[in-house]
Amino acid sequence: MPRLAQVFVPRDREFFDLFEEAGTNIVRAADLLDQMLRSYPDRADLARDILICEQEGDRITHDIIQRLNQTFVTPIEREDIYALAGALDDIVDFTEEVADYLGLYKIEAPMEQAQRLAHVLLQASRGVSEAIPRLRGFKDISHYTVEINRLENDGDRIVREAVASLFDNGIDPMVVIRWKDIFERLEQAIDSTERVANILEGIVIKNS
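What comes next is a walk through the structure. Since the structure is predicted, the reported quantities are computational estimates derived from the model, not experimental observations.

1. Focus on empty space enclosed by the protein
Next up, step 1: This model, assessed by the stated rule, comprises one cavity of 30 Å³ or more.
Next up, step 2: The volume enclosed by the largest cavity comes to roughly 60 Å³.
Next up, step 3: Taken together, Ala22, Asn25, Ile26, Gly57, Ile60, Thr61, Ile64, Ala85, Leu88, Asp89 and Val92 form the lining of the largest cavity.
Next up, step 4: Elements with a contribution of two residues or more to the lining of the largest cavity: α1 (2-38), α2 (46-70) and α3 (78-104).

2. Let's talk about the pattern of salt bridges
Next up, step 1: The tally for this structure, following the rule as stated, stands at 19 salt bridges.
Next up, step 2: Salt-bridge contacts for Asp34 lead to Arg38; the nearest nitrogen and oxygen are separated by 3.2 Å. Taken together, the positions of Asp34 and Arg38, both in helix α1 and four residues apart, correspond to about one turn of that helix.
Next up, step 3: Overall, the relative accessible area of 3% leaves Asp34 in the buried class.

3. Let's talk about the packing of helix α4 (residues 112-131) against helix α6 (residues 173-207)
Helices that pack against each other are described as a pair by the angle of their axes relative to one another and the distance between those axes.
Next up, step 1: Where α4 contacts α6, the two axes come as close as 10 Å, and the packing angle between them is 20 degrees. Between α4 and α6, the angle falls in the class roughly parallel. As α4 packs across α6, the resulting crossing turns out to be left-handed. Contacts between α4 and α6 involve Gln113, Ala114, Leu117, Ala118, Val120, Leu121, Ala124, Ser125, Val128 and Ala131 on the former and, on the latter, Trp179, Phe183, Leu186, Ala189, Ile190, Thr193, Val196 and Leu200.
Next up, step 2: Within the contact of α4 with α6, the residues separate by chemical class into 15 nonpolar, three polar and no charged.

4. Details of the packing of α4 against helix α5 (residues 142-168)
Next up, step 1: Close contact between α4 and α5 brings their axes to 9 Å; oriented N to C, the two are set at 165 degrees. One finds that α4 runs roughly antiparallel with respect to α5. The two elements α4 and α5 meet at a crossing, and its hand is left-handed. Contacts between α4 and α5 involve Gln113, Arg116, Leu117, Val120, Gln123, Ala124, Gly127, Val128, Glu130 and Ala131 from the former and Tyr144, Ile148, Leu151, Gly155, Arg157, Ile158, Val159, Glu161, Ala162 and Ser165 from the latter.
Next up, step 2: Broken down by class, the residue content of the contact of α4 with α5 amounts to eleven nonpolar, five polar and four charged.

Definitions and cut-offs
Residues numbered from 1 in each chain as written. Predicted model: local features only at pLDDT ≥ 70, side-chain atom pairs only at ≥ 80, totals over all residues. Heavy atoms only, no water. 1 Å grid on protein atoms, 1.4 Å probe; cavity = no way out; pocket = protein on both sides within 12 Å on 5 of 7 lines; lining within 4 Å. Points joined across faces, edges and corners; volume = space filled by probe spheres on them. Helix = DSSP H or I, 4+ residues; strand = E, 2+ residues; numbered from the N terminus. Salt bridge = Lys/Arg side-chain N within 4 Å of Asp/Glu carboxyl O. Buried < 20%, exposed > 50% of the residue type's maximum accessible area, 1.4 Å probe, protein only. Axes fitted to C-alpha atoms, helices over the stretch in contact; angles between N-to-C directions. Parallel < 35°, antiparallel > 145°, perpendicular 65-115°, else oblique. Left-handed = near helix turned anticlockwise from the far one by under 90°. Contact = heavy atoms within 4.5 Å. Nonpolar A, V, L, I, M, F, W, Y, C, P; charged D, E, K, R; others polar.

Take a look at the structure:
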């Protein structure tokens, strides 16, 4: 039995290490987007750094799936590992799409609501990153899930307000379409942080 433990424990640690790495990566991507939107268009070059985060997220997801395929006994259920890896990857993917759209759509100046949403995304990403290490001992994360849920509700409210303002101000229809796309991606990124929080909470409840 000790020999089996020696075989499986390092694998357990690898999964937790990779999830924590993914958590650090989503905070970096969200922080870069927050900086980019606060100083746009002066910091439009940050889109390149966000793309690097997106590629790093893909690499981490690939590593998790590869280890899953090579590991007979996993520290948490296999479907939970898949779900968590996918949801973490979604956060960075949507964050990168926002940065990409700002350039593709030749946005000249950021809307104030987009700046607020980027900041909500950063706060929610930090919450996710801080909650992930608690998986190692399946410790209670309700403090983080409540806060991420509150942030997601804030994000929904800001998106509704932002879309309403697009239609209120007689803005060029093409500009409306472009900003609506950007707001939708910001909303999806924030929604993905809540999905991660829910998956984490489910894992903790199952294993405690």
